[in-house]
Amino acid sequence: MKIIRFQDNTGAIRHGEWVDERSARLIEGTLLETYRVTDQVVAMRTLLAPVEPRTILCVGLNYRQHAGETGARIPEYPVLFIKAVNTLAHPGDPIIIPRVAPEQVDCEGELAVVIGKPGKNIERRRALDHVLGYTCANDVSARRWQKEGGGKQWCRGKSFDTFCPLGPCLVTTDEIPDPNTLRIKTTLNDKTMQDSTTADMIFDVPSLISFLSEGTTLLPGTVILTGTPQGVGFARNPPVFMKKGDRVAIEIERIGTLVNSVSEEG
């Protein structure tokens, strides 16, 4: 099932099963608890990110070819960093380049995993039982702040407002039984930047969930960004970064396409 979050014509925020670009079949209840799909079809005014993240956990260097293009060694364990929840952006919203980071802002297409069932010390073989669904993500990164201005920590360069677009929908696990078989593609304007498959992950989705839950409770609403494939802008010669007026699209097989424009603060 493809679940969307949207504003109806009264401005109320609702969840629904996607019908078409203008309407959805209303969902009653709470996605992270108990819900049911009704027969009522309602008009959609504005499409929103399918979830409001409780936490955004991110994994770096998780594609073999991406590690290769950056000259990094294959990590022994998943590389974890966190994006602040203020980074959330909706489909169609502009990614805003902040005044404090006016250059070297990069896009990274990623598969996002949304946790629906809490768990701690989750066994790998049971990991997907804790997943509510999957969506597209753009791990927008201010490279100068990530590498030089953040005290060698990535969180600052990854956590500016609008630096985590999510959408367009949340696809439930019955439609994606194996999340490591999906084609993932990023386009900047008319140029293909990334074109890969989630099979290239170093640590697959069940392994990531199991690792991140060690000694740590993964709460419903947790969003896990699972890493980005090769083709990022900073690794190109010459580098390619986003600028005002650009259009970036993240497309993942069986999920859809997340599209955002690029603007500047102020």
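This write-up is about the structure you can find in this document.

Thresholds, definitions, all that
- Residues numbered from 1 in each chain as written.
- Predicted model: local features only at pLDDT ≥ 70, side-chain atom pairs only at ≥ 80, totals over all residues.
- Heavy atoms only, no water.
- Helix = DSSP H or I, 4+ residues; strand = E, 2+ residues; numbered from the N terminus.
- Rg over C-alpha atoms; globule rule 2.2 N^0.38 Å.
- Buried < 20%, exposed > 50% of the residue type's maximum accessible area, 1.4 Å probe, protein only.
- Lys, Arg positive; Asp, Glu negative; His and termini not counted.
- Charge placed at Lys NZ, Arg CZ, Asp CG, Glu CD.
- Salt bridge = Lys/Arg side-chain N within 4 Å of Asp/Glu carboxyl O.
- Phe/Tyr/Trp six-rings, centres within 6.5 Å; stacked < 30°, edge-to-face > 60°.
- Lys NZ or Arg CZ within 6 Å of the ring centre and 35° of its normal.
- Polar contact = N/O pair within 3.5 Å; in protein donor to acceptor, adjacent residues only side chain to side chain.
- Contact = heavy atoms within 4.5 Å.
- 1 Å grid on protein atoms, 1.4 Å probe; cavity = no way out; pocket = protein on both sides within 12 Å on 5 of 7 lines; lining within 4 Å.
- Points joined across faces, edges and corners; volume = space filled by probe spheres on them.
- Nonpolar A, V, L, I, M, F, W, Y, C, P; charged D, E, K, R; others polar.
- Pairing = 2+ DSSP bridges.
- Axes fitted to C-alpha atoms, helices over the stretch in contact; angles between N-to-C directions.

## Details of the overall build of the chain
The number of helices and strands found in the chain is four helices and 19 strands. Against the globule reference of 18 Å for 266 residues, the chain gives a C-alpha radius of gyration of 18 Å, in line with a compact fold. Counting only C-alpha atoms and orienting by the principal axes, one finds that the chain spans roughly 55 × 45 × 30 Å. Within the chain, the fraction of its 266 residues that count as buried is 52%. Of the charged side chains in the chain, 31 are positive and 33 negative; the average position of the first set lies 3 Å away from that of the second.

## Let's talk about the pattern of salt bridges
Applying the stated criterion across every chain, the model contains 14 salt bridges. Notably, a salt bridge pairs Arg-36 with Glu-28, separated by 3.1 Å at the nearest N-O pair. For Arg-36, a relative accessible area of 49% corresponds to the partly exposed category. When its relative accessible area of 39% is taken as the criterion, Glu-28 is described as partly exposed.

## A look at the packing of aromatic side chains
Following the criterion strictly, the structure yields four aromatic pairs and no others. Ring plane angle 65 degrees and centroid distance 5.3 Å describe the contact between Phe-81 and Trp-154, whose orientation is recorded as edge-to-face. Remark: Trp-154 occurs in the loop between α2 (143-149) and α3 (155-158) and Phe-81 occurs in strand β7 (residues 79-83); sequence separation between them is 73 residues. Judged by its relative accessible area of 27%, Trp-154 is partly exposed. Each ring, one from Trp-145 and one from Phe-160, has its centre 6.4 Å from the other, and the planes form 75 degrees; the classification is edge-to-face. Of this pair, Trp-145 sits in helix α2 while Phe-160 sits in the loop between α3 and β14 (164-172); the two residues are 15 residues apart in sequence, bridging distant segments of the chain. Of the two residues, Trp-145 and Phe-160, both sit in the buried class. Cluster of aromatic residues (ring-pair linked, three or more members): Trp-145, Phe-160 and Phe-163. Positioned over the ring face of Trp-145 is Arg-156, at 4.9 Å from the centre of the ring.

## A short note on the side chain of Thr-186
Checked against the element boundaries, Thr-186 lands in strand β15 (residues 183-188). What makes Thr-186 buried here is its relative accessible area of 0%. A distance of 3.5 Å separates the side chain of Thr-186 from the backbone nitrogen of Gly-109, its partner in a polar contact. Separated by 2.7 Å, the side chains of Thr-186 and Gln-194 make a polar contact. The contacts of Thr-186, once residues within four sequence positions are left out, are Cys-107, Gly-109, Lys-191, Thr-192, Met-193, Gln-194, Val-248, Ala-249 and Ile-250.

## A look at the layout of surface pockets
Taken as a whole, the largest pocket spans an internal volume of roughly 250 Å³. Lining the largest pocket are 18 residues, with Leu-61, Arg-143, Gln-146, Trp-154 and Phe-234 positioned closest to its centre. Among the secondary structure elements, those contributing two or more residues to the lining of the largest pocket are β6 (55-60), α1 (64-70) and α2. If you tally residues by element for the lining of the largest pocket, the top one is α2, at three residues. A class-by-class count of the residues in the lining of the largest pocket yields six nonpolar, six polar and six charged. Its volume calculated, the second largest pocket comes out at about 170 Å³. For the second largest pocket, the full set of lining residues is Lys-2, Ile-4, Trp-18, Leu-47, Pro-168, Cys-169, Ile-255 and Gly-256. Among the elements of the structure, β1 (2-7) and β14 are those that each provide at least two residues to the lining of the second largest pocket.

## As for helix α4 (residues 205-212)
For α4, a buried count of six out of eight residues is recorded, marking the element as mostly surrounded by other parts of the structure. Where α4 is concerned, the buried positions are Val-205, Pro-206, Leu-208, Ile-209, Ser-210 and Leu-212. The secondary structure elements touched by the buried residues of α4 are β6, β7, β11 (109-115), β12 (131-138) and β17 (222-225).

## Re the environment of Glu-33
Looking at where Glu-33 falls in the secondary structure, it is placed in the loop between β3 (23-29) and β4 (35-43). Under the relative-accessibility criterion, Glu-33 is labelled exposed at 68%. Distance in space between the C-alpha atoms of Glu-33 and Gly-116 is 7.9 Å, their sequence separation being 83 residues.

## With respect to the sheet that holds strand β18 (residues 247-252)
Taking strand neighbours across the sheet as the criterion, the five strands line up as β9-β19-β18-β15-β16 in an open arrangement whose pairing is mixed. Either end of the sheet is taken by a strand with one partner, and the two such strands are β9 (95-97) and β16 (191-197). Across the sheet, the mean angle from the axis of one strand to that of its neighbour is 15 degrees, orientation sign disregarded. Strand direction decides the pairing type here: β18 and strand β19 (residues 256-264), joined by six bridges, are antiparallel. Within the sheet, the bridge partner assigned to Glu-251 lies in β19 and is Thr-257.

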